[in-house]
Amino acid sequence: MRARRVEGLDPAAPLLPNAARLIRLRLDELRSFAPIALEPAASKTQHDMRIAAKRLRYALEIVGPCFGPEADAARDAAKRLQGVLGEIHDCDVMLPRAWGVESMRTHLRERRERLFEQFRELWREAIDSGVWADLESSL
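Residues numbered from 1 in each chain as written. Predicted model: local features only at pLDDT ≥ 70, side-chain atom pairs only at ≥ 80, totals over all residues. Heavy atoms only, no water.

Asks: Could you give an account of helix α4 (residues 102–129), with specific residues and numbers?
Replies: Between its first and last C-alpha, α4 extends 40 Å over 28 residues, near the 40 Å set by a 1.5 Å rise per residue. Within α4 the residues assigned to the buried category are L108, R112, L115, F116, F119, L122, W123 and A126. Lining the buried residues of α4 we find α1 (15–37), α2 (43–63), α3 (69–97) and α5 (131–138). A positive phi of about 80° marks G130, the residue just after α4. (Helix = DSSP H or I, 4+ residues; strand = E, 2+ residues; numbered from the N terminus. Expected span 1.5 Å × (residues − 1). Buried < 20%, exposed > 50% of the residue type's maximum accessible area, 1.4 Å probe, protein only. Contact = heavy atoms within 4.5 Å.)

Asks: Outline α5, supporting the account with residue identities and numerical values.
Replies: For α5, the set of buried residues is V131, W132 and L135. In an axial view of α5, the angular spread of the buried residues amounts to 100°, which keeps them on one side of the axis. The inward-facing, buried residues of α5 contact α1, α2, α3 and α4. (Arc of directions from axis to C-beta.)

Dropping the structure here:
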């Protein structure tokens, strides 16, 4: 998945407006995947969402201090999402390779189901706690 291009950056402008533009785009990118990624079989979209979470996290690690504790909370939420989505992707990659070893396939399917539920819970917690809305407000 290619990252969306950040339009309107001004190298002569102060850091804050450019950083806000970057974070807003990365947050929108992350949230855009949720409707499909929250479906159990949407492995491609879940992987794309992991990449979007990683981009948001890394951007917040660099410019987060501009936006206060809301950015720290969002960075931590993005990191947790990135982690569980990465583990789901690992299961997706390993399942075809476990062909013929039914016990391994069963284990991977069950692990993926547990991880998917963890992902859904993390996303629900982030929404319910307002972490994304708080970040957006701080921009």
